[in-house]
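Coordinates in review
Spelled out from the first residue to the last, the chains are:
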Amino acid sequence: MSSTSKIVILTGAGISAESGLKTFRDADGLWENYSIEDVATPDGWQRNPKLVLDFYNQRRRDVLAAQPNAAHRACARLQDYFDTVVITQNIDDLHERAGSRNVLHLHGEIVKARSSVDPDCLVPMTGDIQLGDKCPRGSQLRPHVVWFGEAVPMMEEAAAETRTASQLIVVGTSLRVYPAASLVEFIRPGTPVTVIDPAPAMVSARNVTTLPGKASEMLPPFVEKLIAALGRT
Ligand code: BV8
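Residues numbered from 1 in each chain as written. Predicted model: local features only at pLDDT ≥ 70, side-chain atom pairs only at ≥ 80, totals over all residues. Heavy atoms only, no water.

**Topic: unusual backbone geometry**
In this model, Y178 is joined to P179 through a cis peptide bond whose omega is 0°. Position of P179 relative to the elements: it lies in the loop between β7 (167–171) and β8 (193–197). Although it is not a glycine, D28 adopts a positive phi angle of roughly 65°. As for its position among the elements, D28 is in the loop between β1 (6–11) and α1 (30–33). The exposure class of D28 is partly exposed, given its relative accessible area of 42%. With a phi angle near 50°, L175 is a residue other than glycine that sits in the positive phi range. Considering the arrangement of structural elements, one finds L175 in the loop between β7 and β8. (Helix = DSSP H or I, 4+ residues; strand = E, 2+ residues; numbered from the N terminus. Buried < 20%, exposed > 50% of the residue type's maximum accessible area, 1.4 Å probe, protein only.)

Here is the structure:
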């Protein structure tokens, strides 16, 4: 690996778990307490927009009250030494608040709201979205989030970044949601993949290293190793 190598880090809810934000599928996860169909689908939005707004308003408050942890900071540290891209499935802004500058949100961002009629019409959102809050075009504001059954507009860009990665680091994701989970299939054959997770998902690639454990314990020393190896090239 040299300083011109590109490192892609694919993160999921697990990297924010130690910041106090619930994951989806762990014990006491979000999907244990909410029905995906009711709060994370367009049908749920049509049926009961207030329930959906309340769900995301509470998550936005939790995100704004949370702080980045050592794993988010380790991702940010990498960009001082390598061409680094963070591709996250998370809608929180903890990577950005930890200092990462090149973050690609596959499933949207909780700190933005958008028009219900024009997906390109976005407004910053750090408070609650209420029924009756309108976008500049006069439609009800909704969370800027990709729901199940909605297309993932950033997928093409994410695949292009992954195709040119010299190293892929997968942190804190069950790799259960598509097409995000299929990103691992876009690496060039033989590209080293490192999976960090207390319960690592299976990654079918030729060169996979699994580091079982929590993101904030396993990622910082791994990042220091990558940086130290630079000094020896
Ligand atoms: C689409 C909303 C088409 C934002 C989310 C049947 C088979 C396969 C696929 C499908 C199928 N039926 C339907 C589909 C497609 C569907 C899908 O994949 N469903 C799954 C459930 C099977 N996908 C879609 O609908 C996507 N769209 O396909 O559109 C299309 C095309 C063109 C035109 C129109 C339509 C849209 C998917 C996006 C859905 N939105 N979230 C929000 O509310 O946040 S997905 C949701 O799950 C989250 O956003 C998250 O990104 C995603 C993945 O979850 P993870 O991040 O991995 O979290 P999880 O809890 O699962 O795992 C946590 C991990 O962390 C665990 O491994 C755990 O061990 C680990 N961990 C815990 N603590 C720590 C830790 N790791 C490290 N340290 C710790 N301390």
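**A look at the site of the ligand**
Neighbouring residues of the ligand: 32 residues in total, closest R25, R59, E150, S174 and D197. Between the ligand and the protein, one listed contact pairs an oxygen atom with a backbone N or O atom of G149 at 2.7 Å. Within the backbone of Y178, an N or O atom sits 2.8 Å from an oxygen atom of the ligand. Here the ligand has 1500 Å² of accessible area as a free molecule, and 73% of this is covered by the chains. Looking at side-chain class alone, the shell around the ligand contains 15 nonpolar, nine polar and eight charged residues. Formed jointly, the shell around the ligand draws a minimum of three residues from each of two domains, domain 1 (1–21 + 69–107 + 152–233) and domain 2 (22–65 + 111–145). (Near = heavy atom within 4 Å. Polar contact = N/O pair within 3.5 Å; in protein donor to acceptor, adjacent residues only side chain to side chain. Areas by Shrake-Rupley, 256 points an atom, 1.4 Å probe, with all protein chains shown as cover. Nonpolar A, V, L, I, M, F, W, Y, C, P; charged D, E, K, R; others polar. Domains from an automatic or database assignment.)

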